[in-house]
Amino acid sequence: GVSVLYADGTESAKVNCTIPVQQNTVASSFESTGFTIPNVFASHYNACTIEFFIKPSRFADWNCEAGPGWGTYMQHMNSDGRFTCGWNTGNDRIGGSSTPLKLNEWQHVAIVVNNNTMTLYLNGESVGEVTSSSYSGIGGFGDFVFASGTANKAQNAQYDEIRIWGCARTDQ
């Protein structure tokens, strides 16, 4: 059987399930559509890690956008392939990674929030960090929406292995 082990150490009841063996990795492609991870940020987290693999097919300002928006949390791509993330505009965001992503190649992105510090990792390397005097932690906004639409609001990417952790993971 399969069970869930909760953070407080309690274990759920065991259930039997049949899961087909997946022979190949299956990634989802979002060219002009978006997707939502329901209620994952209903609670506020002082420490959190958002990580995923992305294979961008096009760069444009504001594509691959996710989050409720500036003033809470937002992430997006820029036309030069640099990744931007943060709580707000100005000094409360990483205004573009020091290393751009590459088109049509799989890359790993991790955004680590540890209280009032946010660090952006690309392929395991720290490429930007911001410490805010106005914001701390992340969450309290419910759904994590990866925007959909046309032009610059489109995702224009494939995503795989999206993970959201309730702790600040390290590059170790």
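Let me sum up the structure you'll find in this document. What you are looking at is a predicted structure, and each value in this text was computed from that prediction instead of being measured.

1. With respect to the packing of aromatic side chains
(1) Moving on: This model, assessed by the stated rule, comprises 11 aromatic pairs.
(2) Moving on: Between Trp87 and Tyr135 the ring centres are 6.2 Å apart and the planes differ by 5°, which places this aromatic pair in the stacked class. Of the two residues, Trp87 is situated in the loop between strand E7 (83-86) and strand E8 (93-94) and Tyr135 in the loop between strand E11 (125-131) and strand E12 (138-139); the sequence distance between them amounts to 48 residues.
(3) Moving on: Taking relative accessible area as the criterion, Trp87 reaches 1% and is therefore assigned buried.
(4) Moving on: The partly exposed category is assigned to Tyr135, whose relative accessible area is 21%.

2. Re the sheet that holds strand E10 (residues 117-122)
(1) Moving on: Strand order in the open sheet formed by 6 strands is E1-E14-E4-E9-E10-E11, with antiparallel pairing between adjacent strands. Single-partner strands in this sheet number two, and they are strand E1 (28-30) and E11. Along the sheet, successive strands turn relative to each other by an average axial angle of 25°, direction set aside.
(2) Moving on: Here 8 bridges tie strand E4 (residues 47-56) to strand E9 (residues 107-114), and the two strands are oriented antiparallel to one another. The residue of E9 that forms the bridge with Ala47 is Asn114.

Parameters at a glance
Residues numbered from 1 in each chain as written. Predicted model: local features only at pLDDT ≥ 70, side-chain atom pairs only at ≥ 80, totals over all residues. Heavy atoms only, no water. Phe/Tyr/Trp six-rings, centres within 6.5 Å; stacked < 30°, edge-to-face > 60°. Helix = DSSP H or I, 4+ residues; strand = E, 2+ residues; numbered from the N terminus. Buried < 20%, exposed > 50% of the residue type's maximum accessible area, 1.4 Å probe, protein only. Pairing = 2+ DSSP bridges. Axes fitted to C-alpha atoms, helices over the stretch in contact; angles between N-to-C directions.

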